Structure formats: C-alpha cells, structure tokens
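# Inside the fold
The residues making up each chain are set out below.
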Amino acid sequence: MSAVLADCSQPAAPVAVVLLGTGVVGGALLKLLDTPAAAPLRLVGAANSRRQQTDPWRLAQRNLREQLRHEGDPRDDAALFAALDASDAAAKVIVDATASAALAVRHASWLAQGYHVVTANKALAGGELAGWRALQAALASGARYGDAATVGAGLPVLSTLRRLRRCGDSLLTLEGVFSGSLSYLFNQYDGSLPFSALLDQARALGYTEPDPRLDLSGEDVVRKLLILARHAGFSLGSDEVEVESLVPPALREVDTATFLDRLSELDAALAEGRAQAAARGNVLRFLARLDQRGRARVGLVEVPPTHPSARLYGTDNQFALTTTRYNTQPMVIQGPGAGPEVTAQALLGDALAVACGS
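Residues numbered from 1 in each chain as written. Predicted model: local features only at pLDDT ≥ 70, side-chain atom pairs only at ≥ 80, totals over all residues. Heavy atoms only, no water.

## Focus on the confidence of the model for the protein chain
- Considering every residue of the protein chain, the mean pLDDT works out to 93; 96% of them sit at 70 or more.
- Confidence drops under a pLDDT of 50 for residues 1–7, and excluding neighbours within four residues, the segment shows 29 contacts in the predicted structure. (pLDDT = per-residue confidence, 0-100. Contact = heavy atoms within 4.5 Å.)

Here you go:
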C-alpha cells in the first residue's frame, strides 16, 4: 500500500518543492503556495511542458504561471532536480500536476532516489499492473507517495479504504460516479441543451481533462477504479475492466483540435439514449462497478430517480463501499470531485503532510 499521509498542526521541517505542470491544476496550486497555509513549503522549481524556472526571485512572482508561457529556461529535468538537491530542506518533494504518462512512469524511480512524490497523475497507479507493482516496490525506500488528488479530487476515499484494510476489513463491492466531469455532464443533461454544448461548458469550467476524450472514453474512470481496486487488494489489470466509451469510433484517433471541432457528432446517439431513459422515467449516469470476484465495468447506465447517483449535484463524485463490516448498507463518500481548486488543495495537503513528517 502507498504510504499514508496525515495531518499535523506543527510541521517538522521545511520542505523544498518542484512543481511539474503549471496548467489549470498546477496554476491553482501556485496560488495556494502563496497563502499562509503553505508556509512550510519552499518552491525551488516550476515547469510547464516547454519552459522552467528555478530563479528564487521569479518563482516568488504572482504571475509565474503566465511568465512561463513566454519566458524561462528550456525544460530540463536534470536542472530542476539539481535545484531540489541544492536545497538545504530536510525533505524534497516532486509535485506532478500533469496528466502525462511519460512523467508518471518516472514516479517509482523518483521515490527510489529518495524524493517524495505528490501527484494528481493517475497514469502509473491506474495504468498497467506492472507499473503499480513497481510503485509499491519503490515505496520500500521510505519515500512517501501523496495520491489523494488521483481519486475524488481529495475526497477521503483512498485514505478511508487504506484505513479499513489496515483494520482487517475487506472490500466486497464498489459502485459510484468517479468522474466529476461526467457527473456534471449527466446531472445537467435534460435535453434542453445538446450534450456537446454542456461539454463546452465543462471544459470552460476546468472540469474535464485537457483532452475530454480521457473522460468520455471512460479511461479516466478506469484509472480511478483500478487505483481503488488495487488498494483494496485486487490485482486487477487494465484489460480486465469492461469499458463503454462515449466517443464514436470516427473520433477516437483524430487529434484533439479536430475532436473539439467535431463535438456535435456526439449529440445524436446520446440524445436518443436520454430520450429512451426519460420515457421510462429514468436518467443516465456514468457508473463504475466492481464486485467481490474482481469483475469491473465502467459505462453509461440507466437508473431510476431513486438511485443514489440520480440525486447528485454539480461535479459530485460518489463512492459506495460495501465491506465485510459495512455490509447491511454501504459506506458512502460523496462530494465535489472535479475542479482545479479542490484538486490543488489535495496536492497541498499531501505536500504539507510530508512537512509534518507523518
């Protein structure tokens, strides 16, 4: 299991931080790093995909994210980590606020080198089973892995699941809405607007992944389901999850810009499905399900208005855990599961937990 990061009132020592990714979530984290709550954290480097900054004066500027769009040194991870190593801080943290699979595969090696890693990136823990196993092996080095932002945007899902398992409880079934963006879309989808128009709204609000197909394909939900299942003790591979994609075959291989130009091609099939569900008094929800045999499915489901997922609001995520001890009715964890601010707060919380030495 990943190391558990807990809260504390008195940080043990200053922490040096390198931030990888200054997009929507990374930008929100930069704002939080400029608040009193982040006082124990010292930013020694920040980078987007093309440029980086390690100069202390420039790192302290409030417009750092905007600066990096136009100026800064060329991206060079060796120089970034040299700045981290040069710090006299007792603990050194790499924050991965990207969705880059290429960066995620390096998490295990960073941990093995003694860096702590805090991440919103699901591509390693929720990717191939071999990557998950490499991550668990790397944690034997004693470095910490802050992963609260990978599932539920910081809702206490992983921490609860880990605690239950440490107490000898076992997960039997898991069901819920694991995507804030898909929750928002189907909570709003009543036929008054085309689905593509709602998707544009969700993108503008920062609720979707940079490429919305990661949400619509179910891939993002699959990664979260795999992370949860693996923490519960299921050695589940990504090829073992049945997935229903909302992306038409003709749009799956095109570049992102072309896909965004052709969003209206999503509308007809979804409108038909919504109308059929409504005729039966039901609504559509994008659900993830895992049973005690390890069978998993992600996809669109027609549910009655009495179903818990039919009563969600906004970007709410919902996780219903049935365990050997919570078996009469499931334990339900629910709350906002998308948005840069709550995701950045989860990253901040995990970084501060490193500062606490807990």
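Here the narrative resumes.
## Observations regarding the sheet that holds strand S11 (residues 296–303)
- A sheet is described by the order of its strands in space; here 6 strands give the open sequence S9-S11-S10-S8-S12-S13, paired in mixed fashion. Every other strand in the sheet has two partners, leaving strand S9 (241–243) and strand S13 (331–336) as the edge strands with one partner each. Strand after strand, the sheet turns through a mean of 25° between neighbouring axes, direction not considered.
- Here strand S12 (residues 316–323) pairs with S13 via 6 bridges, running antiparallel. In the strand pairing of S13, Leu321 is matched with Met331.
- Of the strands in this sheet, strand S8 (171–177), S9, strand S10 (283–290), S11 and S12 are in contact with helix H12 (residues 219–231), which crosses S10 at around 35°. (Pairing = 2+ DSSP bridges. Helix = DSSP H or I, 4+ residues; strand = E, 2+ residues; numbered from the N terminus. Axes fitted to C-alpha atoms, helices over the stretch in contact; angles between N-to-C directions.)

## Focus on the packing of helix H1 (residues 24–33) against helix H15 (residues 340–356)
- Running from N to C, H1 and H15 cross one another at 60°; their axes reach a closest spacing of 8 Å. As far as their axial angle goes, H15 and H1 are oblique. Considering only the axes of H1 and H15, their crossing is right-handed. The segment H1 lies against H15, with Val24, Val25, Ala28, Leu29, Leu32 and Leu33 engaging Pro340, Glu341, Thr343, Ala344, Gln345, Leu347 and Leu348.
- Residue composition of the contact of H1 with H15, by class: 10 nonpolar, 2 polar and 1 charged. (Parallel < 35°, antiparallel > 145°, perpendicular 65-115°, else oblique. Left-handed = near helix turned anticlockwise from the far one by under 90°. Nonpolar A, V, L, I, M, F, W, Y, C, P; charged D, E, K, R; others polar.)

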